[in-house]
Amino acid sequence: MAINSHKAPQREAARGGLNHDEFWERRQIVAADLANRKLDAFLVSFSANLRYLSGFTGSNGSLLVLPGRAIFFTDPRYQIQAGQEVSCQVKIAKGPLVEDIAAAIARLRLRRIGYEPARMTCDWLDSLRSKIPARASLEPVNGWIEQLRMIKSPQELERIRRSVETNSRAFEQAVKRMRAGATEKDLAAELEYRMRRLGAEKPAFETIVASGERSALPHAQPTVASLKPGGLVVVDMGAFQDGYASDMTRMLFLGSPGPKVRRTYRAVLEAQAAAIQAVRPGVSTAHVDRQARKVLDSFGLEKAFVHSTGHGLGLEIHEPPRIGKKDKGRLETGMAITIEPGVYLEGFGGIRIEDTVVVTANGCEILTPTSKDLRLV
Ligand code: ZN
Ligand code: ZN
């Protein structure tokens, strides 16, 4: 447990997580910026942003952030849970939440209400628009909470660290149990089972296990193909633990690898090391991406690297910043990102190596403890 239990009130320690002060502080930051954005309120309905600002872990809720207060809306299924998780005013809607949200907008005489256009359906927006008073307008605001979420608090980093540890332990346990004749699906199921046994809520994404030539598909789904001697196996896995994601890719090889596998593996490993070496506050994400590409270029493999070098992670498995060729952002202390160059060669296979790292004042810390040697099984 990372929470200092003698300092945290019993009730909150029992919930095993961030205390209400942190959610309250985050809402204060949003509320303090409303006037700058010429908004009277901001309406949050996207689950990761909702959790970030309220602590709510259920599937149906909305939060209206106003100066000095916030109202959380949910349905009767979550009455007890919202009471336990959410520290601001909770309104339990009898029907669709949109009715109660519109009623609050009318009652509080709100004029300009920001919403998250990338995170809601057209239907929902139309419905809300049809119910609010004519004087009120809904204003699209993109990526506001996602921007705040990029820099992780020490408590959030602790959760990511635990998620990473669970993920790596699950990998070790599952690989150790792997037997000849096991299929990609067997290994994926074992990885996910182990992850849950070790404390994860669920996988952070569909676990990728792809063997032989199929390893050249960056987002392959596990099949009933058995893992065959003489073949590469890519394992890309992540856990959600206490709401926070981890992400790791490691390569297995069944048998003894030939020179092409060894050389390609070395190229990706060196590319990954070069990118990690470049990670520090102030550096552009495009620069980090370029370091990986330069190494692969020196091996004649740059064209086989078909995705970006990495991505942020936290309450979502993919969140800003993106670490890609065309990205404009700069790294800042407290960002949690992945570094995952890969090469994909049709008819041969694919090799990717991925760690979760945190940007620190002097560079970065690699959280993933798993060895990066090509794992021979
Ligand atoms: Zn991954
Ligand atoms: Zn990733």
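Structure's up top.
Residues numbered from 1 in each chain as written. Chains lettered and ligands numbered in written order. Predicted model: local features only at pLDDT ≥ 70, side-chain atom pairs only at ≥ 80, totals over all residues. Heavy atoms only, no water.

**Student:** I would appreciate a short explanation of the coordination of the zinc ion (ligand 2) in the present structure.
**Tutor:** Metal coordination angles have textbook ideals: 109.5 degrees for a tetrahedral set of four donors and 90 or 180 degrees for an octahedral set of six. Here the zinc ion (ligand 2) is held by D247 (OD), H311 (NE2), E340 (OE) and E354 (OE), and the distances to it run 2.1 Å. Taken together, the 4 donor atoms coordinating the zinc ion (ligand 2) span angles of 79 to 152° at the metal, a pattern that classifies the geometry as irregular. All donor residues of the zinc ion (ligand 2) come from one chain, and their arrangement in sequence is D-x63-H-x28-E-x13-E. Separating the zinc ion (ligand 2) from the zinc ion (ligand 1) is a gap of 3.2 Å, which D247 spans by donating to each of them. A residue pair is termed long-range when its members are at least 10 positions apart, and D247 in the loop between β11 (244-245) and β12 (248-253) and E340 in the loop between β15 (336-339) and β16 (342-345) qualify at 93 residues. Neither residue differs from the other here; D247 and E340 are each classed as buried. (Donors = N, O, S within 2.8 Å, 3.2 Å for Na, K, Ca; no water. Tetrahedral: all angles 85-135°; square planar, octahedral: opposite > 155°, others 65-115°. Helix = DSSP H or I, 4+ residues; strand = E, 2+ residues; numbered from the N terminus. Buried < 20%, exposed > 50% of the residue type's maximum accessible area, 1.4 Å probe, protein only.)

**Student:** What's the story with the pairing of strand β6 (residues 137-140) in this structure? I'm lost.
**Tutor:** In regular strands, side chains alternate between the two faces of the sheet. Relative to β6, strand β5 (residues 112-115) runs parallel, the two being bridged by 4 bridges. Bridge pairing in β6 places I113 opposite L138. This β-α-β element, β5 to helix α6 (residues 122-131) to β6, shows right-handed connectivity. (Pairing = 2+ DSSP bridges. Right-handed = clockwise from strand over helix to strand, strands pointing away.)

**Student:** I would appreciate a short explanation of helix α10 (residues 259-278) in the present structure.
**Tutor:** Because an α-helix completes one turn every 3.6 residues, residues spaced three or four positions apart along the sequence face the same direction. With 20 residues, α10 extends 29 Å between its outermost C-alpha atoms, agreeing within 8% with the 28 Å of an ideal straight helix rising 1.5 Å per residue. Buried within α10 are the following residues: V261, T264, Y265, A267, V268, A271, Q272, A275, I276 and A278. Taken around the axis of α10, the buried residues stretch over an arc of 165°, which confines them to a single face. Seen from the open side of α10, the exposed residues pointing more than 90 degrees away from its buried face are P259 and Q277. (Expected span 1.5 Å × (residues − 1). Arc of directions from axis to C-beta.)

**Student:** Help me understand the nonpolar core in this model?
**Tutor:** Ranked by internal contacts, the top residues of the largest apolar core, which has 38 residues, are L232, V288, L296, L331, I337 and I339. For this core, the elements supplying multiple residues, two or more each, are β8 (208-211), β9 (232-237), β12, α10, α11 (285-298), β15 and β18 (355-359). Counting residues per element, this core draws most heavily on α10, which supplies 8 residues. Residues within four places of V288 in sequence aside, it is in contact with A275, A278, V279, V283, I323, L331 and I339. (Core = buried A, V, L, I, M, F, W, Y, C linked by side-chain atoms within 4.5 Å. Contact = heavy atoms within 4.5 Å.)

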